[in-house]
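If you want the building blocks of each chain, they are given just below.
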Amino acid sequence: MLRLVVCVSGGGTNLQAIIDAIADGRIRNARIVRVISNNPGAYALERAKKAGIEGVCVSPKSFETRDLFNDALLEAIKEADPGLVVLAGFLVAIPPQVVKAYPGQIINIHPALIPSFCGKGYYGLKVHERALERGVKVSGATCHFVDEGLDSGPIILQKAVEVKDGDTPEVLQRRIMEEAEWVIMPRAIDLIAQGRVVIEGRNTRILPEK
Ligand code: GAR
């Protein structure tokens, strides 16, 4: 059974998608052992509670320096002994010590087709604002492994989503969540839990079902 720690910052709809996918068997052989939020007010913590999952808050505001916060975050992850760390709308740059402790064992969902609209400053609604400003006709989501860079690790799954005339950032965000994020994030976790994702340098290869 793959032990998942899910890190969140806000509404937690991606966390909910994972909880639902485990419940209905789309994610096999995995369970969430802890949810970690950097934000005490995150509704995601409420979702964890409702699902009977332990939720903990590690807020940067409770620490004097960023280093102390980073160490506390690593400790909160380690305590839960995960096989996979899932960043599901975790809007904190993942500290290098965490990446080092879990090489190839951290995945993130990004609300655009990487390498478009990613990297520094591209998070949450801002991603969709920039995509609409640029006038793209297609956007989407990417699930990828996390390395030392920002949105730069090996891509596991991507899904394209149509941009429609009159879209606002909120409308586009919702469509990308529904059609892409809530689909590919659970799918990627299932593939990893089945041992079907192999990292090859900057790429990944998905092995056929046994
Ligand atoms: C999601 O759209 C996720 O892709 C994005 O934040 C939102 C969180 O929503 N993540 C990033 O922008 C990471 N760079 P949620 O809390 O409802 O899952």
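For the structure, check the block above.
Scoring rules and cut-offs
- Residues numbered from 1 in each chain as written.
- Predicted model: local features only at pLDDT ≥ 70, side-chain atom pairs only at ≥ 80, totals over all residues.
- Heavy atoms only, no water.
- Pairing = 2+ DSSP bridges.
- Helix = DSSP H or I, 4+ residues; strand = E, 2+ residues; numbered from the N terminus.
- Axes fitted to C-alpha atoms, helices over the stretch in contact; angles between N-to-C directions.
- Contact = heavy atoms within 4.5 Å.
- Core = buried A, V, L, I, M, F, W, Y, C linked by side-chain atoms within 4.5 Å.
- Buried < 20%, exposed > 50% of the residue type's maximum accessible area, 1.4 Å probe, protein only.
- Arc of directions from axis to C-beta.
- Near = heavy atom within 4 Å.
- Polar contact = N/O pair within 3.5 Å; in protein donor to acceptor, adjacent residues only side chain to side chain.
- Areas by Shrake-Rupley, 256 points an atom, 1.4 Å probe, with all protein chains shown as cover.
- Nonpolar A, V, L, I, M, F, W, Y, C, P; charged D, E, K, R; others polar.
- Phe/Tyr/Trp six-rings, centres within 6.5 Å; stacked < 30°, edge-to-face > 60°.
- Lys NZ or Arg CZ within 6 Å of the ring centre and 35° of its normal.
- Salt bridge = Lys/Arg side-chain N within 4 Å of Asp/Glu carboxyl O.

J.: Report on the sheet that holds strand S4 (residues 84–87), specifying residues and quantitative values.
T.: The strand order S3-S2-S1-S4-S5-S6-S7 describes an open sheet built from seven strands, whose pairing is mixed. Bordering the open sheet on either side are strand S3 (55–57) and strand S7 (155–162), each of which pairs with just one other strand. Neighbouring strand axes in the sheet, compared pairwise and without regard to direction, differ in orientation by 20° on average. Across the face of the sheet, helix H3 (residues 66–79) comes into contact with strand S1 (2–8), strand S2 (30–37) and S4 while running at roughly 155° to S2.

J.: Just give me the short version of the nonpolar core, but keep the residues and values in it.
T.: Counting residues in hydrophobic clusters, the biggest one holds 40 residues, and the most contacted among them are Ile 18, Val 86 and Ile 107. It is helix H6 (residues 169–193) that provides the largest number of residues to this core, a total of ten residues. Not counting residues within four places of it along the chain, the set of residues in contact with Val 86 comprises Leu 4, Val 5, Val 6, Cys 7, Ile 18, Ile 107, Met 185 and Ile 189. Of all hydrophobic cores here, the second largest spans 22 residues; its members include Cys 7, Ala 80, Val 99 and Ile 106.

J.: Provide a residue-level description of helix H5 (residues 125–134), including the pertinent values.
T.: For the α-helix, the turn length of 3.6 residues means that residues three or four positions removed from each other point alike. Regarding H5, the residues found buried are Val 127, His 128 and Ala 131. All buried residues of H5 lie within an arc of 90° about the axis, which places them on one face of the element. After H5 finishes, the residue Gly 135 shows a positive phi value of roughly 75°.

J.: Would you mind going over the site of the ligand in detail, with residue names and values included?
T.: Around the ligand sit 15 residues in total, of which Gly 12, Thr 13, Asn 14, Gly 124 and Glu 181 are the nearest. Backbone polar atom of Gly 11 to an oxygen atom of the ligand: 3.4 Å apart, as the coordinates give it. Within the side chain of His 110, a nitrogen or oxygen atom sits 3.4 Å from a nitrogen atom of the ligand. Relative to its unbound accessible surface of 450 Å², the ligand loses 92% to contact with the protein. Listing elements by their share of the shell around the ligand, those giving two or more residues are helix H1 (13–23), strand S5 (106–110) and H6. Partitioning the shell around the ligand into residue classes produces six nonpolar, eight polar and one charged.

J.: Provide a residue-level description of the packing of aromatic side chains, including the pertinent values.
T.: Applying the stated rule across the entire model yields two aromatic pairs. Plain terms: the ring middles of Phe 63 and Phe 69 are 6.3 Å apart, the flat faces sit at 55° to each other, and that makes the pair tilted. Overall, the relative accessible area of 30% leaves Phe 63 in the partly exposed class. A relative accessible area of 0% means that Phe 69 is categorised as buried. Ring centres of Phe 117 and Tyr 122 lie 6.4 Å apart, and the angle between their planes is 55°; on these two criteria the pair is classed as tilted. The ring of Tyr 122 has Arg 130 sitting right over it, with the charged end atom 4.8 Å from the ring centre.

J.: Break down the environment of Glu 148 for me, with residues and values.
T.: Mapping Glu 148 onto the fold places it in the loop between strand S6 (138–145) and S7. Looking at Glu 148, the relative accessible area reads 68%, which means it is exposed. Sequence separation of Glu 148 and Pro 82 is 66 residues, and the distance between their C-alpha atoms is 19 Å.

J.: So what's going on with the pattern of salt bridges? Residues and values would help.
T.: Under the defined criterion, the tally for this structure stands at nine salt bridges. The salt bridge involving Arg 26 is made with Asp 24; its shortest N-O contact spans 3.1 Å. The partly exposed category is assigned to Arg 26, whose relative accessible area is 43%. Glu 200 is the partner of Arg 205 in a salt bridge, and the nearest nitrogen-oxygen pair spans 2.8 Å. By relative accessible area, Arg 205 is classed as partly exposed at 41%. Because the salt bridges share partners, they merge into one network encompassing Arg 28, Arg 187, Asp 190 and Glu 209.

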